[in-house]
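# A look at the structure
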Amino acid sequence: MYYVYILQSIDLSERFYIGYTNDLKRRLAQHNSEHLGHTEKYRPWRIKNYFAFDDEQKAKDFEQYLKSQSG
């Protein structure tokens, strides 16, 4: 299963991040504990929403759609 997720910064509630993964719990833990560039400075994060897909390419396409102006 692949997941497209939307994170919301707990401290700065207007900060969001969109990504995809095949392990949602592990990825959230990484965003909250590791040095991952953009998300590091807005920690801690919580999952605001997520979407499950059987197909990895569909998950990637949906992630890109959400990151686009149309999404």
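Residues numbered from 1 in each chain as written. Predicted model: local features only at pLDDT ≥ 70, side-chain atom pairs only at ≥ 80, totals over all residues. Heavy atoms only, no water.

Attention now moves to the overall build of the protein chain. Secondary structure assignment for the protein chain yields two helices and three strands. Reading the protein chain from its N end, one meets helices and strands in the order β-β-α-β-α. The globule rule puts the C-alpha radius of gyration for 71 residues at 11 Å, and the 12 Å found for the protein chain is close to it. Taken along its principal axes, the extent of the C-alpha atoms in the protein chain is 30 × 25 × 20 Å. The proportion of buried residues among the 71 residues of the protein chain is 28%. Counting only contacts in the protein chain whose residues sit at least 6 apart along the sequence, the fraction spanning at least 24 positions is 54%. Summed over all atoms, the accessible surface of the protein chain reaches about 4800 Å², with 46% contributed by carbon and sulfur. Distance from the positive charge centre (11 side chains) to the negative charge centre (10 side chains) of the protein chain: 4 Å. (Helix = DSSP H or I, 4+ residues; strand = E, 2+ residues; numbered from the N terminus. Rg over C-alpha atoms; globule rule 2.2 N^0.38 Å. Buried < 20%, exposed > 50% of the residue type's maximum accessible area, 1.4 Å probe, protein only. Contact = heavy atoms within 4.5 Å. Areas by Shrake-Rupley, 256 points an atom, 1.4 Å probe, with all protein chains shown as cover. Lys, Arg positive; Asp, Glu negative; His and termini not counted. Charge placed at Lys NZ, Arg CZ, Asp CG, Glu CD.)

In this section: the environment of Asp 23. As for its position among the elements, Asp 23 is in the loop between strand E2 (16–21) and helix H1 (24–33). Residues Asp 23 and Pro 44 lie 21 residues apart in sequence; the distance between their C-alpha atoms is 18 Å. Only 3.2 Å separates the side chain of Asp 23 from the backbone nitrogen of Arg 26, close enough to count as a polar contact. (Polar contact = N/O pair within 3.5 Å; in protein donor to acceptor, adjacent residues only side chain to side chain.)

Ranked by size, the top nonpolar core spans six residues in total: Val 4, Ile 6, Ile 18, Phe 53, Ala 59 and Leu 66. Mapped onto this core, the elements with two or more residues apiece are strand E1 (2–9) and helix H2 (56–67). Judged by nonpolar contacts, the second largest core, of five residues, contains Tyr 5, Leu 7, Leu 24 and Trp 45. (Core = buried A, V, L, I, M, F, W, Y, C linked by side-chain atoms within 4.5 Å.)

This part takes up H2. Over its twelve residues, H2 runs 17 Å from end to end, which matches the ideal 16 Å to within 8%, given 1.5 Å per residue. In this structure, the buried side of H2 is in contact with E1, E2 and strand E3 (45–53). N-cap assignment for H2: the residue whose side-chain oxygen lies 3.0 Å from the backbone N of Gln 57 is Asp 55. (Expected span 1.5 Å × (residues − 1).)

The antiparallel open sheet is built from three strands, whose spatial order is E2-E1-E3. A single partner strand is all that each edge strand has here, and the edge strands are E2 and E3. On average, each strand axis in the sheet is tilted by 20° relative to the strand beside it, whichever way the strands run. Where E1 lies against E3, eight bridges are found, and the strand directions are antiparallel. The residue bridging Tyr 3 from the neighbouring strand is Ala 52, located in E3. Contacting E1, E2 and E3, H1 runs over the sheet at an angle of about 150° to E3. (Pairing = 2+ DSSP bridges. Axes fitted to C-alpha atoms, helices over the stretch in contact; angles between N-to-C directions.)

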